[in-house]
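Letter by letter, the chains look like this.
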Amino acid sequence: MRTATIKRKTKETAIEVTVDLDGTGVSNIATGIGFFDHMLDLLARHSRIDMTVKAVGDLHIDYHHTTEDVGIALGQAVKQALGNMAGITRYAGIHLPMDETLTRVVIDISGRPTLVFKAEFPRDKIGEFDTELVREWFNAFAMNAGVTLHVETLYGENSHHIAESCFKGLARVLRAAVAIDPAAAGEVPSTKGQLGG
Ligand SMILES: [Mn+2]
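- Naming follows an unreviewed UniProt entry, where the protein chain appears as Imidazoleglycerol-phosphate dehydratase of Rhodopseudomonas rhenobacensis.
- According to the UniProt record, the Pathway (unreviewed entry) comment for the protein chain reads "Amino-acid biosynthesis; L-histidine biosynthesis; L-histidine from 5-phospho-alpha-D-ribose 1-diphosphate: step 6/9."
- According to the UniProt record, the Catalytic activity (unreviewed entry) comment for the protein chain reads "D-erythro-1-(imidazol-4-yl)glycerol 3-phosphate = 3-(imidazol-4-yl)-2-oxopropyl phosphate + H2O".

**Some details on the environment of Arg-135**
Part 1 of the reasoning: Within the secondary structure layout, Arg-135 lies in helix H3 (residues 132–145).
Part 2 of the reasoning: What makes Arg-135 partly exposed here is its relative accessible area of 40%.
Part 3 of the reasoning: Separated by 18 residues in the primary sequence, Arg-135 and Phe-117 have C-alpha atoms spaced 6.8 Å apart.
Part 4 of the reasoning: Ignoring sequence-local partners within four residues, the contact set of Arg-135 consists of Leu-115 and Phe-117.
Part 5 of the reasoning: Only 3.0 Å separates the side chain of Arg-135 from the backbone oxygen of Phe-117, close enough to count as a polar contact.

**Things to note about the pattern of salt bridges**
Part 1 of the reasoning: Within this structure, the stated rule accounts for six salt bridges.
Part 2 of the reasoning: Close ionic contact of Arg-8 with Asp-69 constitutes a salt bridge, the shortest N to O distance being 3.3 Å. Of the two residues, Arg-8 is situated in strand S1 (residues 3–9) and Asp-69 in helix H2 (residues 64–82); the sequence distance between them amounts to 61 residues.
Part 3 of the reasoning: A relative accessible area of 6% places Asp-69 in the buried class.
Part 4 of the reasoning: Residue Asp-108 is joined to Arg-90 by a salt bridge in which the shortest nitrogen-to-oxygen separation is 2.6 Å.

Scoring rules and cut-offs
- Residues numbered from 1 in each chain as written.
- Predicted model: local features only at pLDDT ≥ 70, side-chain atom pairs only at ≥ 80, totals over all residues.
- Heavy atoms only, no water.
- UniProt positions renumbered as here; feature names shortened; annotations may be inferred.
- Helix = DSSP H or I, 4+ residues; strand = E, 2+ residues; numbered from the N terminus.
- Buried < 20%, exposed > 50% of the residue type's maximum accessible area, 1.4 Å probe, protein only.
- Contact = heavy atoms within 4.5 Å.
- Polar contact = N/O pair within 3.5 Å; in protein donor to acceptor, adjacent residues only side chain to side chain.
- Salt bridge = Lys/Arg side-chain N within 4 Å of Asp/Glu carboxyl O.

Next up, the structure:
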């Protein structure tokens with residue numbers, strides 16, 4: 001079973017995350033941030049990774065700590081659920097359209113955490129959510145999942161669409177990259193014999 005649960009508690013947030021990489025995309029998300037819940041819900045749906053995310057954070061300050069810490073916990077959960085990564089497809093990429101927006105997302109489940117993030121948001125906020133936190137979330141996720149992740153919005157006008165295309169793109173590349181490659185089941189897809197640096 002490729003599942004993991006991460007519990008993380010600091011003075012700023014208390015978070016519990018469970019993932020099942022071989023799920024059907026069932027989500028149970030409650031972070032207290034409406035737009036962020038929307039993004040995580042579609043991350044689960046389009047990755048087909050079952051996700052439970054419960055977060056109680058210091059939202060009276062702003063949404064930064066909660067957004068970042070959910071990224072940390074989800075990244076750790078995905079990494080733990082992947083285990084030794086035997087048989088995974090490892091690489092995936094997609095161009096993800098959302099109406100007038102087009103975002104390219106490419107992943108290597110490499111064990112070498114790297115984020116390249118090139119998306120500009122016309123507006124500072126989507127609802128109550130600061131658009132600068134999209135990058136913060138992707139960075140926290142990539143660093144803790146141990147993945148190389150390139151996200152670039154090639155063009156787009158609507159900030160909601162831009163954010164959504166980033167999360168949906170990640171969902172689809174995760175779905176493909178964590179999938180077991182039947183031709184290589186049991187093998188770790190690296191000439192080094194291991195992934196992780
Ligand atoms: Mn939407």
